[in-house]
Amino acid sequence: MIRCSVFIATSLDGFIARKNGDLDWLPGSDGVTGSEDYGFHEFFTSIDTLVMGRNTYELALTFKEWPYHGKSVVVLSSRFPKIPTNLAEGVEGTSLLPKELMHRLVASGSAHVYVDGGKTIQSFLQANLIQEMTITRIPILIGEGISLFGALPHDIKLQHLSTSAFESGFVQSKYKVTNVA
């Protein structure tokens, strides 16, 4: 059975980016990373496919190095993004709805999907496709921006699995989504 997970950071007031998509408030966004990875490496090695929205994909293209080598990347967009030739084999664009995409990923043998990007996470939550979420809260208030969670057609029940506090002030909580269809 295929599993979909979220691993994301938010400001303390629940934003994943500024209104313009900028991540300048997020430690590491300047390319300087600390020694702590907050469990991301372990999580990343557990996934085989990454599904993200076009905005998240275009942001990743600005990084010094493509961070998703070795993983299958699917970009959800009604406007297909330009895929550089050096990424052509590992990246594809689609306008499939989340449930249709999941059927295709199951048929292709995918086992663990990392869902990233605000609108993409929201659409997968609304379709009851997310099983687990790891949310790291960064101790900063940015006032406004792109919210991790948008309006929902129904409540989504979560079971708290764990919370860790780090010296950096980051607080990471893991949740199991209990009402997945």
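It should be noted that the structure appears before, not after, this text.
Described below are features of the structure shown in this document. (Residues numbered from 1 in each chain as written. Predicted model: local features only at pLDDT ≥ 70, side-chain atom pairs only at ≥ 80, totals over all residues. Heavy atoms only, no water.)

## Points about the overall build of the chain
Part 1 of the reasoning: Looking only at helices and strands, the chain has four helices and 10 strands in total.
Part 2 of the reasoning: Walking the chain from its N terminus toward its C terminus, one meets helices and strands in the order β-β-α-β-α-β-β-α-β-α-β-β-β-β.
Part 3 of the reasoning: Over its C-alpha trace the chain gives a radius of gyration of 16 Å, about what one expects of a compact globule, namely 16 Å for 181 residues.
Part 4 of the reasoning: Based on the C-alpha atoms only, the size of the chain along its principal axes is roughly 40 × 40 × 30 Å.
Part 5 of the reasoning: Across the 181 residues in the chain, those meeting the buried criterion constitute 40%.
Part 6 of the reasoning: In the chain, of all internal contacts separated by at least 6 residues, the share reaching a separation of at least 24 is 65%.
Part 7 of the reasoning: Accessible surface, the chain as shown: approximately 10200 Å² in total, 53% of it carbon and sulfur.
Part 8 of the reasoning: If you average the places of the 15 positive and of the 18 negative side-chain charges in the chain, the two averages end up 7 Å apart. (Helix = DSSP H or I, 4+ residues; strand = E, 2+ residues; numbered from the N terminus. Rg over C-alpha atoms; globule rule 2.2 N^0.38 Å. Buried < 20%, exposed > 50% of the residue type's maximum accessible area, 1.4 Å probe, protein only. Contact = heavy atoms within 4.5 Å. Areas by Shrake-Rupley, 256 points an atom, 1.4 Å probe, with all protein chains shown as cover. Lys, Arg positive; Asp, Glu negative; His and termini not counted. Charge placed at Lys NZ, Arg CZ, Asp CG, Glu CD.)

## Re the nonpolar core
Part 1 of the reasoning: V51, M102, L105, V113, V115, F124 and I130 are the most contacted members of the largest nonpolar core, which has 24 residues in total.
Part 2 of the reasoning: Mapped onto this core, the elements with two or more residues apiece are β1 (3-11), β4 (72-76), α3 (98-107), β6 (112-116), α4 (118-126) and β7 (132-138).
Part 3 of the reasoning: Those residues in contact with V51 that sit more than four places away from it in its chain are V74, L76, L101, L105, V113, Y114, V115, D116, T120 and F124.
Part 4 of the reasoning: In terms of nonpolar packing, the next biggest core, distinct from the first, is built from 14 residues, F7, F43, I47 and A60 among them. (Core = buried A, V, L, I, M, F, W, Y, C linked by side-chain atoms within 4.5 Å.)

## Observations concerning the pairing of β6
Part 1 of the reasoning: Along β6, five of the five residues are buried, which leaves the element largely enclosed by surrounding structure.
Part 2 of the reasoning: As defined by bridge partners, β1 adjoins β6 across three bridges and the pair is classed as parallel. By the bridge assignment, C4 is partnered in β6 with V113.
Part 3 of the reasoning: As defined by bridge partners, strand β3 (residues 49-53) adjoins β6 across four bridges and the pair is classed as parallel. (Pairing = 2+ DSSP bridges.)

## What to know about α3
Part 1 of the reasoning: Within the span of α3, buried status applies to P98, L101, M102 and L105. Take α3 and look down its axis: the buried residues cluster within an arc of 100°, on one side only. Turned more than 90 degrees from where α3 packs its buried face, H103 and A107 sit exposed.
Part 2 of the reasoning: Lining the buried residues of α3 we find β1, β3, β4, β5 (91-94), β6 and α4.
Part 3 of the reasoning: Just past α3, the residue G109 takes up positive phi, approximately 95°. (Arc of directions from axis to C-beta.)

## Some remarks on unusual backbone geometry
Part 1 of the reasoning: One non-glycine residue with positive phi stands out, namely N128, at about 60°.
Part 2 of the reasoning: The residue N128 is located in the loop between α4 and β7 in this model.

## Some points on the side chain of S11
Part 1 of the reasoning: Tracing the chain through its elements places S11 in strand β1.
Part 2 of the reasoning: We classify S11 as buried; its relative accessible area is 0%.
Part 3 of the reasoning: Polar side-chain contacts of S11 include one of 2.5 Å to the side chain of D13.
Part 4 of the reasoning: Ignoring anything within four residues of it in the chain, the contact list for S11 reads W25, I138, I140 and I142. (Polar contact = N/O pair within 3.5 Å; in protein donor to acceptor, adjacent residues only side chain to side chain.)

## As for the side chain of T10
Part 1 of the reasoning: Residue placement: T10 occurs in strand β1.
Part 2 of the reasoning: With a relative accessible area of 4%, T10 lands in the buried category.
Part 3 of the reasoning: Not counting residues within four places of it along the chain, the set of residues in contact with T10 comprises F15, I16, W25, I135, T136, R137, I138 and L148.

## A closer look at α4
Part 1 of the reasoning: Buried residues of α4: G118, T120, I121, Q122, F124 and L125, and no others.
Part 2 of the reasoning: Looking one or two places after α4, you find N128, whose phi comes out positive at around 60°.

## Observations concerning the pairing of β4
Part 1 of the reasoning: Where burial is concerned, most of β4 is hidden: four out of the five residues are buried.
Part 2 of the reasoning: In this structure, β3 lies alongside β4, joined through five bridges in parallel fashion. Within β4, the position partnered with T49 by the bridge is S72.
Part 3 of the reasoning: A crossover connection joins β3 to the parallel β4 through helix α2 (residues 54-60); in handedness this β-α-β unit is right-handed. (Right-handed = clockwise from strand over helix to strand, strands pointing away.)

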